[in-house]
Amino acid sequence: MLDLSKVTHLHIELSTHCNARCPQCPRNFNGWNHPIMPANNPKHFDLTKLAELAKQFKNCEILFNGNHGDPMMHPDVVECASLFDNVSIGTNGSIGTLNSYMQLAQQGVEMIFSIDGLEDTNHIYRQDVIWRNIISRAEMFINSGGHATWKFIIFRHNVNQLLEVRKLANKMGFRRFELVSAGRDYGPIMNDKGEIINWLLSADDKREAEEYDIDFNLKIQTDPVERFPKPNFSDRSITCETLKNKSIYFNVDGEVLPCCYHGVHQHIHPIGTTLQEQMDSFKFLENGWETPKCDETCYESCGGK
């Protein structure tokens, strides 16, 4: 795998705590914080471990962004960011103190606000996120000189607001507007009682809501079902984002992984004493590419179609 001396980007899961219940987030079950899901065992990245990484990767671009949580939930997020020179933070924008947003702006941190609509639509996906909290924090960050990006996932329920959202982003002083249109745009929306209350629909196709077996799909979370026939994992070429972007990922426990995709539903762990040995222990992934033994995460995440 990647030679650590050539790494230019680190992706770090700073916290698995979150105030939101986004229905396509792997921390919960379609928005339901069911006891078996990761949302019920949240952690923060150890500050001492993070300081050690900062010593080893002095000239890297850093992304604090969660598979399972929001970095702004970390109680020492300002100190975490201060350990590095080039930091971006992904957040839903509704948590963290106003003072922390001011300090992060003054440190030169880029803040990526995931806001999927306006006040009447953002909460459909960003369940439990309070709109006025987003606006007050974004305004504090921008007015303190911060570089802010508005990240927008397109759904059928918000696509008609795109022009209005762009106007608001420009008015508030966001420097960049990023559209995301795939991966998290279809499926049931559940409340925290385990009831389906709505359905995410894609703006790009005509699929409608369908029958959804809650018990069956919940069982899959702990007891994956064998697929027959199994996919032919050799029929796609793999373009590895880790190698392409010279990046690696650290989960909230400080474990190094080839990329964030392997941290979503983690089934591999590093072996070895040094970080380079641990990265080399993932060589089996590369050896299996474009063969029937290709790792399914590599196949689904970085396989050409």
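These notes cover the structure that comes with them. Everything numeric in this text was worked out from a predicted model, so none of it was measured.

With respect to helix α6 (residues 162-172)
Regarding α6, the residues found buried are Leu162, Val165, Ala169 and Met172. Buried residues of α6, seen end-on, are gathered within an arc of 95° and therefore sit on one face of the element. Counted as exposed and oriented over 90 degrees from the buried face of α6: Leu163, Lys167, Asn170 and Lys171. Where the residues of α6 are buried, they touch α5 (131-143), β5 (147-153) and β6 (176-180). Just downstream of α6, Gly173 is the residue with a positive phi angle, here 100°.

Describing the pattern of salt bridges
The full count for this structure, using the stated rule, is ten salt bridges. Between Arg176 and Glu110 there is a salt bridge whose closest N-O contact spans 3.4 Å. Taken as a pair, Arg176 in strand β6 and Glu110 in strand β4 (residues 110-114) lie far apart in primary sequence, 66 residues in all. In this structure, Glu300 and Arg236 form a salt bridge, with 3.9 Å as the shortest nitrogen-oxygen distance.

Considering the nonpolar core
Counting residues in hydrophobic clusters, the biggest one holds 77 residues, and the most contacted among them are Ile12, Phe57, Phe64, Trp150, Phe174, Ile248 and Phe250. Ranked by residues supplied to this core, first place goes to α5 with six residues. When residues no more than four places from it in sequence are discounted, the contact partners of Trp150 are Phe113, Ile115, Gly117, Trp131, Val165, Leu168, Ala169, Met172, Phe174, Arg176, Phe177 and Glu178. By size, the runner-up hydrophobic cluster in this structure holds five residues, among which are Phe29, Trp32, Met37 and Met190.

Description of the side chain of Thr242
If you trace the backbone, Thr242 turns up in helix α8 (residues 241-245). Within polar-contact distance, the side chain of Thr242 engages the backbone oxygen of Pro258 at 2.2 Å. In contact with Thr242, other than residues within four places in its own chain, are Leu2, Ser247, Pro258 and Cys259.

Thoughts on the packing of helix α3 (residues 98-106) against α5
At a minimum axis distance of 8 Å, the contact between α3 and α5 shows a crossing angle of 30°. One element, α3, and the other, α5, form an angle in the roughly parallel class. Of the two elements, α3 crosses α5, and the hand of that crossing is right-handed. Of the residues in α5, those touching α3 at Leu98, Tyr101, Met102, Leu104 and Ala105 are Ser136, Arg137, Met140 and Phe141. For the contact of α3 with α5, a count of residues per class yields seven nonpolar, one polar and one charged.

Thoughts on the environment of Leu83
Tracing the sequence through the fold places Leu83 in the loop between α2 (77-82) and β3 (86-91). By relative accessible area, Leu83 is classed as partly exposed at 31%. Linking Leu83 and Asp192, residues 109 residues apart in sequence, is a C-alpha distance of 37 Å. Residues contacting Leu83, with those up to four places away along its chain left out, are Leu47, Leu50, Ala51 and Ala54.

Basis of the calculations
Residues numbered from 1 in each chain as written. Predicted model: local features only at pLDDT ≥ 70, side-chain atom pairs only at ≥ 80, totals over all residues. Heavy atoms only, no water. Buried < 20%, exposed > 50% of the residue type's maximum accessible area, 1.4 Å probe, protein only. Helix = DSSP H or I, 4+ residues; strand = E, 2+ residues; numbered from the N terminus. Arc of directions from axis to C-beta. Contact = heavy atoms within 4.5 Å. Salt bridge = Lys/Arg side-chain N within 4 Å of Asp/Glu carboxyl O. Core = buried A, V, L, I, M, F, W, Y, C linked by side-chain atoms within 4.5 Å. Polar contact = N/O pair within 3.5 Å; in protein donor to acceptor, adjacent residues only side chain to side chain. Axes fitted to C-alpha atoms, helices over the stretch in contact; angles between N-to-C directions. Parallel < 35°, antiparallel > 145°, perpendicular 65-115°, else oblique. Left-handed = near helix turned anticlockwise from the far one by under 90°. Nonpolar A, V, L, I, M, F, W, Y, C, P; charged D, E, K, R; others polar.

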